[in-house]
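A look at the structure
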Amino acid sequence: MNKNDSISGLILAGGRGSRMGHVDKGLQPFRGSSMAAHVLARLAPQVASMAINANQNLDTYAAFGVPVWQDDLGGFAGPLAGLETGLRRCATPYLLTAPCDSPFLPPDLAERLFSALQEQDADLAFAATQEPGMRVQAHPVFCLVKTALLPILSSYLAGGGRRMDGWYKDLKAVEVLFEDADAFRNINTLDELHSLDPTRPPRLADVTSCLSAYDPEALPVRDAQRVIREFVQPVGAVEQVALRAALGRVLARDIVSPINVPAHDNSAMDGYALRGGDLVADGDTRLNVVGTVFAGRPSEVAPGPGECVRIMTGGVMPAGCDSVVPQEFVAQESPGEIVLGAGTIRAGDNRRFAGEDLKAGSAALKAGKIIRPADLGLVASLGIAELPVVRRLRVAFFSTGDELRSIGQALDTGSVYDSNRYTIYGMLQRLGCEIVDMGIVRDDPAALEAALRTACENADAIITSGGVSVGAADYTRQIMARLGDVTFWKIGMRPGRPLAFGRINSNGRSAFLFGLPGNPVAVMVSFYFFAREALLRMMGADAPLPLLRARSEGAIRKKPGRTEYQRGILSHGADGMPQVRITGAQGSGILRSMSEANCMVVLHDGQGNVAAGDMVDILPFEGLV
Ligand code: AMP
Ligand code: MG
């Protein structure tokens, strides 16, 4: 790309932004900065200097570090007014304009317009493109103009002319055809802007539009799970913690082994290290013992043919030896001599190779892994003292309902103790979240809005229970929807049909929202089958539910068309295979059955009645995470 010292660049950002819902187009966030900043970054390297033509938000544009010129004409007269101002102020013989909503403009725009203008001795040059089978399309706002043309433009404007391609009809203008039509694509609507910006979090409508048949009033479980999975975003922030403190946390980056593990070839057994070539195929092998190697105490001994070395497990293999015979397989007929029969071992047996566990430079652990005890040991074996982990997810939660009482309060008629906050506490604790318990919120619009805002400003995710079911006061939905991008689903499942999900904003902060139903069993089911995986994804972990199969002890009635979650008790059958039976009452308020259960039986939506002996999916409670 050549910088042309005779050209100044001007970004035309003087519009009202009416097509963008009256927001300033150039200042719209786009791929980590703003649209005008992208145009600036593309144009600046091509020209001697840059300026911006703007008529509002002048201070914000000034922060771009280039001069900001307001229309001399006033009254948002359109791009020509910006061009006129540019021609008047510019200090070079040529001025090149580009609109503020063209973040993909070509890197050779100035060069190609300039050479066409020179070659044809023209007054101005503008870009054009042609898509296959289409007419040539002119882009007169991408225009290189001789600065000396100012008086002609001014008289056109004074006569009321406003058309970008109207003022130069008596001048010599050349059209320069560019191949890449996308480079001139300008972004006119917010929808277009958002669809082009992969760094912008998706909107629920974007995600749900990918489903073939989306009906929020009857949403299959897997569709709800998919929308949630695609909508949530990882928090990203990383912290370095001491190895032990990493237990249960999510690894933020791959851990590359700095060493070979084991570092040396060594013995897998207590026995005798020998040369495989000494083994006699059809008779006894007799070897002289010439030394001893202990683990951690390397020895210089180098046995010759017919010799061996006594070696302990983990001892470094002596030079020349490639096999170990376990001590229990040899006889000692005379001091210093061992005998082993034909075929006792094969050459190469019981030798561990350097780097067999892990080679230096290979990934020992992958980012996204939840650190378990074995991982602690593995990392320790590499001599690594600290791990980069994703910062803990902050989750705020509260219960809603006028009937709820906290432990310690009197239980007056019609009221119940708030149990959801305790089950939710337990489930979040198991996921390793940082917990913000916000207590009980009354069924009152102002209280609910205040609680949601506080939660949003203090946490990455919010979990509420109650108030989202049909019949619940309408304002819950209204308030949640007003605070952000929230959808209300009736999910094809039992228990736990209603669910509110989305992201809300308050004072510049945002948080993902899971509005779970109030019923104590429904709360747990919705948490495990919707919130759990989403929270783990926010923590950077990919941990789908560990469903297993077990044989159903009895028949289970099940209607096809919805997913049913039944509380089950998993045990071992007479044949040692896993089997499951349903716990008694399955009412969605009966927490006792949840407490008695050790798993959930998952009956998928296509499934009908289950006969005794059929295999079913189960989700064991222990080992969850
Ligand atoms: P809701 O979804 O608000 O209509 O509540 C459904 C049922 O769950 C009602 O019987 C509530 O009393 C009960 N419930 C709601 N929240 C809780 C809670 N935090 N603890 C115990 N029961 C609750
Ligand atoms: Mg309620």
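Not measured: the values here are computed from a predicted model.

We now examine the overall build of the chain. Each helix and strand counted, the chain has 14 helices and 35 strands in total. A burial count over the chain gives 48% of its 625 residues as buried. Taking as baseline every contact in the chain between residues at least 6 positions apart, the subset at least 24 positions apart corresponds to 70%. Split by element, the accessible area of the chain, about 28,500 Å² in all, is 50% carbon and sulfur. If the 61 positive side-chain charges of the chain are averaged to one point and the 68 negative ones to another, these points end up 5 Å apart.

Moving on, we get to the site of ligand 1. For ligand 1, the set of nearby residues contains 14 residues, the closest of which are Glu 403, Asp 418, Ser 419, Gly 467 and Gly 518. Side-chain polar atom of Glu 403 to an oxygen atom of ligand 1: 2.6 Å apart, as the coordinates give it. The side chain of Asn 420 places a nitrogen or oxygen atom 3.2 Å from a nitrogen atom of ligand 1. For ligand 1, whose unbound accessible area comes to 480 Å², protein coverage reaches 75%. Tallied by class, the residues present in the shell around ligand 1 amount to 3 nonpolar, 9 polar and 2 charged.

By the definition in use, this model includes 32 salt bridges. Taking the shortest distance from any N to any O, the salt bridge between Glu 333 and Arg 286 comes out at 2.9 Å. Here Glu 333 is found in strand 17 (residues 331-334), whereas its partner Arg 286 is found in strand 14 (residues 285-293), with 47 residues between them in sequence. Relative accessible area serves as the criterion here: at 40%, Arg 286 is assigned to the partly exposed category. What you see here is one network of salt bridges that share partners, running through Asp 72, Glu 84, Arg 88 and Arg 89.

This part covers the side chain of Ser 8. In this fold, Ser 8 is placed in strand 1 (residues 4-13). Looking at Ser 8, the relative accessible area reads 5%, which means it is buried. For Ser 8, the side chain forms a polar contact with the side chain of Thr 92, separated by 2.6 Å. With residues up to four places along the chain from it excluded, the contact list for Ser 8 reads Val 47, Ser 49, Cys 90, Ala 91, Thr 92, Tyr 94, Leu 95 and Leu 96.

This next bit is on the pairing of strand 26 (residues 461-465). Counting buried positions over the 5 residues of strand 26 gives 5, a clear majority of the element. Where burial is concerned, the two faces of strand 26 agree: the one with Ala 461, Ile 463 and Ser 465 and the one with Ile 462 and Thr 464 are both buried. With 5 bridges joining them, strand 22 (residues 394-400) and strand 26 adopt parallel strand pairing. Paired with Phe 397 across the two strands is Ile 463, which belongs to strand 26. Where strand 26 lies against strand 30 (residues 509-516), 5 bridges are found, and the strand directions are parallel. Counterpart to Ser 465 in the pairing with strand 30 is Leu 516.

With that out of the way, let us pick up the sheet that holds strand 29 (residues 498-506). Note: strands within a sheet are paired through backbone hydrogen bonds, in either parallel or antiparallel orientation. On the basis of which strands lie adjacent, the open sheet formed by 6 strands has the order 25-22-26-30-29-27 and mixed pairing. Strands with a single pairing partner mark the edges of an open sheet, and in this sheet they are strand 25 (434-441) and strand 27 (484-490). Each neighbouring strand pair of the sheet contributes to a mean axis angle of 15°, computed without reference to strand direction. Both strand 29 and strand 30 contribute to a ladder of 7 bridges, which runs antiparallel. Pairing of Phe 501 across the sheet is with Phe 514, part of strand 30.

On to the packing of helix 11 (residues 445-458) against helix 12 (residues 475-482), then. One way to put it is that helix 11 packs onto helix 12 with a least axis distance of 10 Å and a crossing angle of 35°. In this structure, the crossing between helix 11 and helix 12 has a hand that is right-handed. Contacts between helix 11 and helix 12 involve Pro 445, Leu 448, Glu 449 and Leu 452 on the former and, on the latter, Tyr 475, Thr 476, Ile 479, Met 480 and Arg 482. The residue inventory of the contact of helix 11 with helix 12, partitioned by class, reads 6 nonpolar, 1 polar and 2 charged.

A surface patch of negative charge is lined by Asp 402, Glu 403, Asp 443 and Asp 444. Of note, Asp 444 is situated in the loop between strand 25 and helix 11.

Turning our attention to a nonpolar patch on the surface. Among the surface-exposed residues, Ile 407, Leu 411, Tyr 417 and Tyr 422 lie close enough to one another that they form a single nonpolar patch of about 420 Å² accessible area. As for its placement among the helices and strands, Leu 411 is situated in the loop between strand 23 (404-405) and strand 24 (416-417).

Here helix 10 (residues 420-431) spans 16 Å end to end across 12 residues, near enough to the 16 Å set by a 1.5 Å rise per residue. Every buried residue belonging to helix 10 is among Asn 420, Arg 421, Thr 423, Ile 424, Met 427, Leu 428 and Leu 431, and all of these are buried. Across the axial projection of helix 10, the buried residues extend over an arc of 165°, all falling on one side. Taken together, the buried residues of helix 10 touch strand 22, strand 25, strand 26 and helix 13 (520-538).

Turning our eyes to something else, we now look at the sheet that holds strand 13 (residues 271-274). Within the open sheet, the 6 strands sit side by side as 16-13-15-14-18-17. Their pairing is mixed. Unpaired on one side and paired on the other, strand 16 (323-326) and strand 17 mark the two borders of the sheet. If you compare each strand with its neighbour and ignore which way they point, the axes differ by 40° on average. Sheet analysis places strand 13 next to strand 16, joined by 4 bridges and oriented antiparallel. The residue bridging Tyr 272 from the neighbouring strand is Val 325, located in strand 16.

Among the residues of helix 1 (residues 35-43), those classed as buried are Met 35, Ala 36, Val 39, Leu 40 and Leu 43. One face of helix 1 carries all of its buried residues, which in axial projection span an arc of 140°.

Looking now at the packing of aromatic side chains. A full pass over the atoms with the stated rule returns 14 aromatic pairs. Ring geometry for Tyr 94 and Phe 114: centres 5.2 Å apart, planes at 90°, overall edge-to-face. You can see Tyr 94 sitting in strand 6 (residues 94-99) and its partner Phe 114 sitting in helix 4 (residues 109-119), a full 20 residues away along the chain. Summarising the burial analysis for this pair, Tyr 94 and Phe 114 share the class buried.

A few words on the nonpolar core. Residues Ile 228, Leu 428, Ile 463, Trp 489, Phe 514, Phe 527 and Leu 535 are the most contacted members of the largest nonpolar core, which totals 54 residues. Looking at which element gives the most residues to this core, the answer is helix 13, with 13 residues. Apart from residues no more than four positions distant in its own chain, Ile 463 is found in contact with Val 395, Ala 396, Phe 397, Phe 398, Ile 424, Leu 428, Phe 514, Leu 516, Phe 527, Ala 531 and Leu 535. Membership of the second largest hydrophobic core comes to 34 residues, among which are Val 39, Leu 40, Ala 122 and Leu 144.

Further remarks concern the environment of Val 68. Locating Val 68 in the fold gives a position in strand 5 (residues 68-69). Along the backbone, Val 68 and Arg 229 are 161 residues apart, and their C-alpha atoms lie at a distance of 44 Å. Every residue in contact with Val 68, bar those within four places of it in the chain, is listed here: Ile 52, Ala 54, Leu 58, Tyr 61 and Ala 62.

The rules behind these values
Residues numbered from 1 in each chain as written. Chains lettered and ligands numbered in written order. Predicted model: local features only at pLDDT ≥ 70, side-chain atom pairs only at ≥ 80, totals over all residues. Heavy atoms only, no water. Helix = DSSP H or I, 4+ residues; strand = E, 2+ residues; numbered from the N terminus. Buried < 20%, exposed > 50% of the residue type's maximum accessible area, 1.4 Å probe, protein only. Contact = heavy atoms within 4.5 Å. Areas by Shrake-Rupley, 256 points an atom, 1.4 Å probe, with all protein chains shown as cover. Lys, Arg positive; Asp, Glu negative; His and termini not counted. Charge placed at Lys NZ, Arg CZ, Asp CG, Glu CD. Near = heavy atom within 4 Å. Polar contact = N/O pair within 3.5 Å; in protein donor to acceptor, adjacent residues only side chain to side chain. Nonpolar A, V, L, I, M, F, W, Y, C, P; charged D, E, K, R; others polar. Salt bridge = Lys/Arg side-chain N within 4 Å of Asp/Glu carboxyl O. Pairing = 2+ DSSP bridges. Axes fitted to C-alpha atoms, helices over the stretch in contact; angles between N-to-C directions. Left-handed = near helix turned anticlockwise from the far one by under 90°. Patch = residues over 30% accessible without salt bridge, like charges linked within 9 Å, V, L, I, M, F, W, Y side chains within 5 Å. Expected span 1.5 Å × (residues − 1). Arc of directions from axis to C-beta. Phe/Tyr/Trp six-rings, centres within 6.5 Å; stacked < 30°, edge-to-face > 60°. Core = buried A, V, L, I, M, F, W, Y, C linked by side-chain atoms within 4.5 Å.

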